[in-house]
Amino acid sequence: MSFLKITNPATGLLLAEVPADNVDSVAVKARAARAAQPAWAATPLSERRACIERFRALVMAQLEILATTLSSEVGKPITQSRNELNGLLMRIDFFLEHVEPSTALQTVFDDGGMTERIGHDPLGVVVNISAWNYPYFVGGNVFVPALLTGNAVLYKPSEYSTLTGLHIARLLRDAGVPEGVFTTVVGTGHVGAALLAQDIDALFFTGSAVTGGKIAATMGPRLVKLQLELGGKDPSYVCDDVDVKAAAESLADGAMYNTGQSCCSVERIYVHERIHDAFVDAFVNTVKAMRIGDPMVEGSYIGPITREPQLEVLAAQVADALAKGATLRTGGKRLARIGNWFEPTVFTDVHHGMDLMIDESFGPIIGIQKVSDDAEALRLMNDTRYGLTAGVYSRDQKRAAAILAKANAGSVYWNCCDRVSPRLPWSGHGDSGIGLTLSTYGIQTFTRPRAWHLRQP
């Protein structure tokens, strides 16, 4: 038997060694999921809802244990781990409230002789290869509605959040979800590859665009439902009519929250030339005040980088920006301490010839570029292969809406950023992926529609 080593990114210390799956055990778990799914689908929705309600109660009761585990294995500051878990509770509430009306049999035509109805059947066996940066959010967006709609789930947590994935499985089992209906698969990339080879009905992946492309190439000939939630290079534009300090504080939080390790973190900022210097001063002052520290200590805002290889990506972007004329306003290097630490970093005098403004950073680093008008800002915002989110800060809603209507993004923000709502679909364009989660559409995506044509004899 092989084991997966779990390391604390803040200290470099070994947290645990967890038994890992192999090709054979993955196949066994997939067959068990296939066998268990029909009975789960036949279980009344009221009973499936009751299981998820009990899961919610267990999460709430054990929130501090779950938050501590999450912070220890991914380095998320403890306050932010609690925020994620409390946010999960609200998403569960949304799914519980809307699953029945979203999937109820709907009559769309009835003339007395012919009746037409739309039904919603579960997909079957759903593979969920999840992410480490928000495992409760990203995972819960999939496994909660998937279970509620009658699917069996093979859940592979990221190897960087495996202990959290095992907590999720334990709580679902304690909540009454039957054996085989939700199964955790533990391991690195080769275990994920083994999952792709199984008899499954859908694959939901969250991760990099590179890996997403490889999965799409592998799964394409299978004609299995595929959903890919990938990266972003999310821009925001600050117009010349804003409250400069308020906009700077909001965007600094959007860029640096979770140490910048979010697909919808603000990664590019464009500022109207009339307020550029004042905005930069306020932004840099806000970032400099952010507390870097032990994730377990209350008040820490910037934690370690979860994946050590990402430190090299950030260092390379810094070197490239400096070589091409950018001005470093703060940060710019790895911290000289045990663990995976990188200073919050702000550049100005940047342009799109720099990697910093084109390639996903996924860390506490940001470039701020001066623009002359709204048209230039929009052109630069859309100069990307990604299309996840985009934002505009302005006192004028019509002005902001006119820009955002032309932004290449699945989610747009006016005077806010880095925000996700269970009531709204989460989707992207281009290299940000295909498909969606959240909203009522994100419930129905775990079903396949059945068209009923009913003629009276």
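Predicted, not measured: the structure shown is a model, and the values here were computed from it. (Residues numbered from 1 in each chain as written. Predicted model: local features only at pLDDT ≥ 70, side-chain atom pairs only at ≥ 80, totals over all residues. Heavy atoms only, no water.)

Right, let's get into the packing of aromatic side chains. Taken as a whole and judged by the stated rule, the model has ten aromatic pairs. Consider the rings of Tyr134 and Phe137, whose centres lie 5.7 Å apart with planes at 15 degrees: the pair is stacked. Taking the relative accessible area as the measure of exposure, Phe137 reaches 17% and is therefore buried. Over the ring of Phe137 we find Arg91, and its NZ or CZ is 3.8 Å from the ring centre. The ring of Trp341 carries the charged tip of Arg337 above its face, separated from the ring centre by 4.1 Å. (Phe/Tyr/Trp six-rings, centres within 6.5 Å; stacked < 30°, edge-to-face > 60°. Buried < 20%, exposed > 50% of the residue type's maximum accessible area, 1.4 Å probe, protein only. Lys NZ or Arg CZ within 6 Å of the ring centre and 35° of its normal.)

Looking now at the pairing of strand β9 (residues 225-229). As defined by bridge partners, strand β8 (residues 202-206) adjoins β9 across five bridges and the pair is classed as parallel. When the sheet's bridge partners are listed, Thr206 is paired in β9 with Glu229. Regarding topology, helix α8 (residues 209-219) serves as the crossover connection from β8 to the parallel β9, and that connection is right-handed. (Pairing = 2+ DSSP bridges. Helix = DSSP H or I, 4+ residues; strand = E, 2+ residues; numbered from the N terminus. Right-handed = clockwise from strand over helix to strand, strands pointing away.)

Moving on to unusual backbone geometry. One non-glycine residue, Phe362, adopts positive backbone phi at about 55 degrees. By secondary structure assignment, the location of Phe362 is in the loop between β13 (345-348) and β14 (365-371). Phi angles above zero are rare outside glycine, and Ser439 is one such case at about 65 degrees. With respect to the element layout, Ser439 can be found in the loop between β21 (436-437) and α14 (441-444).

That's the geometry; what it means functionally is another story.
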